[in-house]
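One-letter residues, chain by chain:
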Amino acid sequence: SCPPAFEGPFLEEERDLLNTIAKTIEVYFNKKSNQDNLLKSESLFRSVFEFSAIGMAVVSLKGDWLMVNEAISNFLGYTKEELRKKTFQALTYPEDLAKDLHYADKAKNGEIDSYSVEKRYIHKNGTLVWGNLNVSIVKDLQGKPLYFVSQIENITERIESQKKFYDLVEKSTVGVYIYQHDHFVYSNPEIQSELGYTEAEVEALTLEDFVYEEDLPIARSNIRARLAGKTGMLRYEIRIKKKDRSLLWVEIFGSMTIFHGEPAIIGTIVNISQKKAAFESLKSSEANLKSIFNNAPALIMLLDRFGNVIMVNNMLIEHYKILANHELKIGDTFIETASENRRTYLKGILKDLATTKQPFHYEYKYENSETYFSAVWSPVVSEHYRDWETDRKSTRLNSSHLKLSRMPSSA
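Taking strand neighbours across the sheet as the criterion, the five strands line up as E2-E1-E5-E4-E3 in an open arrangement whose pairing is antiparallel. The open sheet has two edge strands with one neighbour each: strand E2 (65-68) and strand E3 (114-122). Strand-to-strand, the axes of this sheet are offset by a mean angle of 30°, without reference to chain direction. Alignment of strand E1 (residues 55-60) against E2, held across three bridges, turns out to be antiparallel. Bridge pairing in E2 links alanine 57 to valine 68. Against the sheet, helix H5 (residues 94-108) contacts E3, strand E4 (128-139) and strand E5 (145-154), and its axis sits at roughly 155° relative to E3. Sheet strands touched by helix H6 (residues 156-170): E3, E4 and E5. Its angle to E4, the strand with the most contacts, is close to 130°.

Here we take up the packing of aromatic side chains. Applying the stated criterion across every chain, the model contains nine aromatic pairs. Between phenylalanine 75 and tyrosine 121, the aromatic rings sit 5.7 Å apart at their centres with planes inclined by 75°, giving edge-to-face as the arrangement. Residue phenylalanine 75 is located in helix H2 (residues 70-76), and its partner tyrosine 121 is located in strand E3; the two are separated by 46 residues in the primary sequence. Taking the relative accessible area as the measure of exposure, phenylalanine 75 reaches 7% and is therefore buried. According to the relative accessible area criterion, tyrosine 121 is buried, its value standing at 1%.

This part is about unusual backbone geometry. Not every positive phi belongs to a glycine, and aspartate 182 is a case in point at roughly 65°. Secondary-structure assignment places aspartate 182 in the loop between strand E6 (175-180) and strand E7 (183-187).

Here the structure, examined in full by the defined rule, presents 20 salt bridges. Between aspartate 167 and lysine 163 there is a salt bridge whose closest N-O contact spans 3.1 Å. Taken as a pair, aspartate 167 and lysine 163 lie in helix H6 at a separation of four residues, close to a single helical turn. Owing to a relative accessible area of 52%, lysine 163 belongs among the exposed residues under this scheme. For arginine 235, the salt bridge identified is with glutamate 251, shortest N-O distance 2.5 Å. With arginine 235 in strand E8 (residues 234-241) and glutamate 251 in strand E9 (residues 247-259), this residue pair connects regions lying 16 residues apart in the sequence. Owing to a relative accessible area of 10%, glutamate 251 belongs among the buried residues under this scheme. One salt-bridge network, in which partners are shared between bridges, spans Arg235, Glu237, Glu251 and Lys276.

Bringing the environment of asparagine 134 into the picture now. Mapped onto the elements of the fold, asparagine 134 is located in strand E4. Owing to a relative accessible area of 30%, asparagine 134 belongs among the partly exposed residues under this scheme. Residue contacts for asparagine 134: discarding those within four places in its chain leaves Tyr115, Ser116, Val149, Ser150 and Gln151. Within the structure, the side chain of asparagine 134 is placed 3.0 Å from the side chain of serine 116, a separation counted as a polar contact.

Attention now goes to helix H14 (residues 340-356). Its 17 residues place the ends of H14 25 Å apart at the C-alpha level, agreeing with the 24 Å of an ideal helix rising 1.5 Å per residue. Along H14, the residues that are buried comprise Arg342, Leu346, Ile349, Leu350 and Leu353. Angularly, the buried residues of H14 cover 95° about the axis, an arc narrow enough to put them on a single face. In H14, the exposed positions angled more than 90 degrees off the buried face are occupied by Glu340, Asn341, Thr344, Lys351 and Thr355. Immediately downstream of H14, the backbone of lysine 357 shows phi near 60°, a positive value.

Our next topic: the environment of leucine 303. Along the chain, leucine 303 falls in strand E11 (residues 299-304). Here leucine 303 falls in the buried class, since its relative accessible area comes to 0%.

The next point concerns a nonpolar patch on the surface. Among the surface-exposed residues, Leu66, Leu146 and Tyr147 lie close enough to one another that they form a single nonpolar patch of about 240 Å² accessible area. Of note, tyrosine 147 is situated in strand E5. Relative accessible area serves as the criterion here: at 30%, tyrosine 147 is assigned to the partly exposed category.

Looking at the chain as a whole, its pLDDT mean stands at 81, while 81% of the residues score no less than 70. For the stretch residues 1-6, pLDDT sits under 50, and the model shows three contacts to residues farther than four places along the chain or on other chains. In the model, residues 384-397 has pLDDT below 50 throughout and makes 31 contacts with residues more than four positions away in sequence or in other chains.

This paragraph deals with the environment of asparagine 154. Tracing the backbone through its elements, the reader meets asparagine 154 in strand E5. Residue class for asparagine 154 comes out partly exposed when judged on its relative accessible area of 48%. Along the backbone, asparagine 154 and glycine 131 are 23 residues apart, and their C-alpha atoms lie at a distance of 4.7 Å. Not counting residues within four places of it along the chain, the set of residues in contact with asparagine 154 comprises Phe75 and Trp130. Within polar-contact distance, the side chain of asparagine 154 engages the side chain of threonine 156 at 2.8 Å.

Cut-off values and rules
Residues numbered from 1 in each chain as written. Predicted model: local features only at pLDDT ≥ 70, side-chain atom pairs only at ≥ 80, totals over all residues. Heavy atoms only, no water. Pairing = 2+ DSSP bridges. Helix = DSSP H or I, 4+ residues; strand = E, 2+ residues; numbered from the N terminus. Axes fitted to C-alpha atoms, helices over the stretch in contact; angles between N-to-C directions. Contact = heavy atoms within 4.5 Å. Phe/Tyr/Trp six-rings, centres within 6.5 Å; stacked < 30°, edge-to-face > 60°. Buried < 20%, exposed > 50% of the residue type's maximum accessible area, 1.4 Å probe, protein only. Salt bridge = Lys/Arg side-chain N within 4 Å of Asp/Glu carboxyl O. Polar contact = N/O pair within 3.5 Å; in protein donor to acceptor, adjacent residues only side chain to side chain. Expected span 1.5 Å × (residues − 1). Arc of directions from axis to C-beta. Patch = residues over 30% accessible without salt bridge, like charges linked within 9 Å, V, L, I, M, F, W, Y side chains within 5 Å. Areas by Shrake-Rupley, 256 points an atom, 1.4 Å probe, with all protein chains shown as cover. pLDDT = per-residue confidence, 0-100.

Take a look at the structure:
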């Protein structure tokens, strides 16, 4: 008789056999699919491993190089065959080995799964090269460590560039700073020495602690402008407060940069207190000399080498209005203000001064005056002027000084 309809056309024993065959076929095809996927994965891994721009290696738990790619070979200067005969310990700079071994031991002991360090390697030619090492540990199904997989990025150029910058900035005789989030996040030793603070104390300073009260508005305005990108490099002068609360005049240079991924200001601080003091002294001295010049009881004028008026004192201006009927001003060509019959004579004087570099004296009376004047032309020269036509150093007439003094009237 036929088996029940719901069990199909096969007997129970036949169904069991068919199920066993089906499972066997399923296992076979799954295994074949897994093998294909494994082959594809292995091919992809080898391609990534071999042609990666970053050095990649498989390293034994003892430190032997089991597999290395071309990038590591180029980085260290050894062939792959040569590297497989060495250990990473032998090629690590001795001062950096302890740190690397410390993390490797922690990975083997199951305390960490990966680690990253910057370290130096010894190149085949004996030089040192810097690498950014990233290591992961591979374990079996029972969690037993098998080997390390390492990636090594060549960072020699970056490290050397940073070292040059560090040496330049740290040893600079000019203060260098980075300002971010209303605080100094970096200051070089020159700033700390100039202000009398430690590095930590500088970083704790607010703008109000650092900048003299009257100069805070200009400092804040320039900081906002730079951080907003409204201006590039800025230069300005302000007063800052030292730790002992004394004031320094400084010249600030600064421009926007990116520090730790955020906008910041990088710049220099130069102490200009002595320059400021000298400038103020010069201004005071100039004011005094100008006062003496203007109020001297003589008619005095300074001309450039072309005869143009550079300076003229008050007494000469007042008298020249009367004597020559001309209001003498700075920039006037003095010879052109004289009467025509005297211009050739005055031009001759200027020419002689340029040649002889010696004072010239004469006496003169204006037509509409009974007063005689003693005129003294004195050359003002600079030393070591280079004459480009003859390529020799000499003195040059830069200006002429005319002094007129009254003489007693004569018949």
